[in-house]
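Residues per chain are reported as follows:
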Amino acid sequence: MVKIVSRPTAAFEGDSDLPVWLQKIYASRQVQNSSEIDQRLANLHPPVLLSGMAATVSLLAKALEQQKSILIVGDYDADGATSTALACKALRNMGAMNVRYLLPNRFKDGYGLSPGIVQRAHQQYAPNIIITVDNGISSCEGVDVANALGIQVLVTDHHLPGEQLPEAAAIVNPNLSDDPFPSKALAGVGVIFYVMLGLRQHLEQKNWFVQQGIVKPNMADLLDLVALGTVADVVTLDQNNRILVEQGLRRIRAGFCCEGIKALMKITGRNPRLLKSTDLGFSIAPRINAAGRLDSMSLGVECLLSEQKEEAEDYARQLDTMNAERRLIESDMRDQAIAQVEGWLSGHHDGKLPVAICLQQSDWHEGVLGIVASRLKDQLHRPVIAFGLSGEETLKGSARSIPGLHIRDVLFAVATRHGELINQFGGHAMAAGLTIPREKFHPFTTAFIEEVSTQLGEQAQDKTITTDGSLATELIALETAEVLHFAGPWGQGFPAPVFDDCFRVEACRNLRGGHLRMKVKPLSSEDEFEAIYFSPDEDFRAAIEHADQFRFVYSLDINEYRNKRSLQLVIKHAQST
């Protein structure tokens with residue numbers, strides 16, 4: 001059962017030149033006045049508000065003065081890759097001559113600054129300082145090993161801290177319990193950007209750039225990486241993050257971005273002038289992520305660090321090939337997962353799914369588990385954990401949740417009540433990772449379902465689609481689509497507008513890939529519009545054989561073909577009327 005509900009209306013205060021319909025859209029997203037959509041860089045929260053900033057930049061300034069060896073330890077996702085590339089670029093631009101990076105391998109090393117990674121860093125690079133980006137807040141053992149080896153560790157992270165903090169020389173994380181930084185939603189790349197911003201200010205006060213004959217770096221040159229990593233990590237786009245993303249998008253649209261992003265836009269067919277946040281999230285980021293999912297994220301970082309067009313395009317081609325391979329693997333795994341769900345349903349007389357789903361198959365690819373869990377979560381509207389075999393006796397799982405359920409809290413509750421069922425876990429409200437003993441899969445599944453049922457109740461049974469309500473026919477126009485296109489950036493916590501209205505389908509034809517192209521008319525009008533429905537379900541395909549009136553949830557999109565721009569409706573959901 002799918003419920004369609006409209007967002008609650010709210011007031012947009014003060015004078016504004018914005019059209020009334022756009023004011024309503026903003027107001028329903030808790031934007032109350034024009035100042036909250038003022039996306040100038042001057043409106044960013046200042047770096048000084050981050051606790052640990054003073055200690056961190058002081059240590060980094062000394063490292064630059066003494067030309068110490070600095071090693072960036074990142075993560076194997078797009079946030080980690082952009083964080084790593086940004087840290088390397090910024091430090092080199094500020095005069096650091098010995099900056100390298102090391103990325104854990106998803107399959108061999110696991111996540112974060114582990115003791116093994118520290119030992120390898122010591123043997124291969126002998127760094128004086130390790131800077132973690134997008135990780136480190138839970139790496140207590142790794143930091144202890146580094147301290148024993150005489151390596152200073154500076155932790156920059158955005159993940160929620162555990163009960164114990166690492167004994168690092170300094171920590172910058174807006175989610176520390178006593179941190180006064182107003183925005184708790186910074187991605188890892190946002191945190192390291194702020195650290196580099198604070199370092200530049202500190203060095204400027206010390207007259208460093210003049211003394212060294214270095215041109216003071218323009219930190220805005222790094223906002224393309226900040227935008228990409230922030231959108232890719234699906235963090236909440238509060239006002240501070242919207243400024244970071246929007247300013248990065250503006251630079252990309254104007255051609256002021258790294259060669260790697262230019263190459264990735266080219267290979268994905270994105271028009272830089274029209275680039276929006278969803279292009280970063282659904283076209284660029286998956287290709288960066290493919291490197292970490294299937295092999296080594298170093299390929300993604302090298303693409304972002306490349307300063308030569310030809311080299312960047314070669315990296316982009318390799319990433320595109322990896323992403324195509326990832327999609328094939330994902331398709332096979334998703335089919336197998338659906339078969340498991342259907343098998344479960346056929347074996348239960350009531351034909352109802354439990355409130356949560358756990359699936360496992362020994363040969364599932366570890367790097368694609370999270371995508372498969374996410375796809376099933378969307379399809380079944382249930383929290384899903386997909387497990388694959390990691391070693392002979394351990395299952396590694398990737399969990400994805402639905403709104404209203406904090407998946408990390410669920411795992412914490414299961415671990416508290418049944419300590420023998422979980423080896424390790426960590427994550428966020430909507431996504432988490434864990435390992436469990438292989439022989440404990442069934443008791444874990446039972447405990448997980450019980451805990452989800454306790455925390456969520458019957459809420460899991462119904463999927464709710466929230467829309468911006470009906471759109472007046474005169475506003476279903478290219479001009480409206482263009483306004484909305486640049487009215488964001490839209491994303492997590494600040495969703496792109498979708499509307500719901502009743503239409504008559506005048507014509508329908510199949511496209512390659514299982515998509516549908518339609519001509520539709522609002523029931524209240526004779527105006528006809530082009531519409532596209534990506535991957536419609538079988539229920540709609542069956543319904544359209546004998547019905548022509550539907551309630552559509554849709555968005556407005558700009559279709560550009562042969563330099564001609566036109567409006568098209570993108571159908572998100574359909575119900576027979």
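Basis of the calculations
Residues numbered from 1 in each chain as written. Predicted model: local features only at pLDDT ≥ 70, side-chain atom pairs only at ≥ 80, totals over all residues. Heavy atoms only, no water. Helix = DSSP H or I, 4+ residues; strand = E, 2+ residues; numbered from the N terminus. Pairing = 2+ DSSP bridges. Axes fitted to C-alpha atoms, helices over the stretch in contact; angles between N-to-C directions. Contact = heavy atoms within 4.5 Å. Buried < 20%, exposed > 50% of the residue type's maximum accessible area, 1.4 Å probe, protein only. Lys, Arg positive; Asp, Glu negative; His and termini not counted. Salt bridge = Lys/Arg side-chain N within 4 Å of Asp/Glu carboxyl O. Polar contact = N/O pair within 3.5 Å; in protein donor to acceptor, adjacent residues only side chain to side chain. Phe/Tyr/Trp six-rings, centres within 6.5 Å; stacked < 30°, edge-to-face > 60°. 1 Å grid on protein atoms, 1.4 Å probe; cavity = no way out; pocket = protein on both sides within 12 Å on 5 of 7 lines; lining within 4 Å. Points joined across faces, edges and corners; volume = space filled by probe spheres on them.

### A closer look at unusual backbone geometry
Look at the link from Gly488 to Pro489: it is a cis peptide, with omega at 10°. With respect to the helices and strands, Pro489 occurs in the loop between helix 17 (478-485) and strand 13 (499-510).

### Brief notes about the sheet that holds strand 6 (residues 170-172)
One open sheet holds the five strands; their spatial order is 3-2-4-5-6, and the pairing between them is parallel. Across the chains shown, the open sheet's two edge strands, defined by having one partner strand only, are strand 3 (99-102) and strand 6. Between one strand and the next, the sheet's axes are offset by a mean angle of 20°, whatever the strand orientation. Both strand 4 (residues 129-133) and strand 5 (residues 152-156) contribute to a ladder of five bridges, which runs parallel. Directly across from Thr132, in strand 5, lies its bridge partner Val155. Packing against the sheet, helix 6 (residues 188-205) makes contact with strand 4, strand 5 and strand 6, and its axis sits at approximately 120° to strand 5.

### Quick look at the side chain of Arg200
By the secondary structure assignment, Arg200 is in helix 6. Here Arg200 occupies a buried position and makes no salt bridge, while the nearest side chain of opposite charge, Glu204, is found at 4.8 Å. Of the polar contacts made by the side chain of Arg200, one reaches the backbone oxygen of Pro217; its length is 3.0 Å. Beyond its immediate stretch of four places on either side in the chain, Arg200 contacts Met94, Phe209, Lys216, Pro217, Asn218 and Met219.

### With respect to the sheet that holds strand 9 (residues 394-400)
Spatially, 7-8-9-11-10 is the arrangement adopted by the five strands of the open sheet, whose pairing is mixed. With one partner strand each, in any of the chains shown, strand 7 (357-360) and strand 10 (424-427) form the two edges of the open sheet. The sheet shows a mean angle of 15° between the axes of neighbouring strands, direction not considered. Two elements, strand 10 and strand 11 (residues 431-437), share four bridges in a ladder whose sense is antiparallel. Of the residues in strand 11, the one forming a bridge with Gly426 is Gly433. Along the sheet, helix 14 (residues 369-380) makes contact with strand 7, strand 8 (384-389) and strand 9, crossing strand 9 at roughly 45°. Set on the sheet, helix 16 (residues 441-456) makes contact with strand 7, strand 8, strand 9 and strand 11; between it and strand 7 the angle comes to about 160°.

### Description of the environment of Thr473
Mapping Thr473 onto the fold places it in the loop between strand 12 (463-467) and helix 17. Judged by its relative accessible area of 17%, Thr473 is buried. Along the primary structure Thr473 and Ser525 are separated by 52 residues, whereas in three dimensions their C-alpha atoms are 7.4 Å apart. Not counting chain neighbours up to four residues away, the residues in contact with Thr473 comprise Pro522, Ser524, Ser525, Asp527 and Phe529.

### Digging into the packing of aromatic side chains
Using the criterion set out here, one finds 15 aromatic pairs in the structure. Between the aromatic rings of Phe540 and Phe550, the centroid separation amounts to 4.9 Å while the plane-to-plane angle is 55°, which identifies the pairing as tilted. Within this pair, whereas Phe540 is found in helix 18 (residues 538-543), its partner Phe550 is found in strand 16 (residues 549-561), the two being separated by ten residues in sequence. Note on Phe550: relative accessible area 0%, which makes it buried. One aromatic cluster is present, built from ring pairs that chain together Phe499, Phe503, Tyr533, Phe540, Phe550, Phe552 and Tyr554.

### Focus: the environment of Ala337
Here Ala337 lies in helix 13 (residues 309-346). Note on Ala337: relative accessible area 0%, which makes it buried. Expressed as a C-alpha distance, the spacing of Ala337 and Asp75, which sit 262 residues apart in the sequence, is 27 Å.

### Observations regarding empty space enclosed by the protein
A complete count under the given rule lists one cavity of 30 Å³ or more for this structure. For the largest cavity, the calculated volume is near 40 Å³. Looking at the largest cavity, the residues that line it are Glu246, Leu249, Arg253, Lys276, Ser277, His485, Gly488, Pro489 and Trp490. Here the element with the most residues in the lining of the largest cavity is helix 9 (residues 239-253); it accounts for three residues.

### As for the pattern of salt bridges
Considering all chains together, one arrives at 26 salt bridges under this definition. Between Glu246 and Arg253 there is a salt bridge whose closest N-O contact spans 3.5 Å. You'll find Glu246 and Arg253 in the same group, each marked buried. Here Arg551 and Asp500 are joined by a salt bridge, their closest N and O atoms 2.8 Å apart. Of the two residues, Arg551 is situated in strand 16 and Asp500 in strand 13; the sequence distance between them amounts to 51 residues. Exposure remark for Arg551: the relative accessible area of 26% places this residue in the partly exposed category. Residue classification places Asp500 among the buried positions, given a relative accessible area of 8%.

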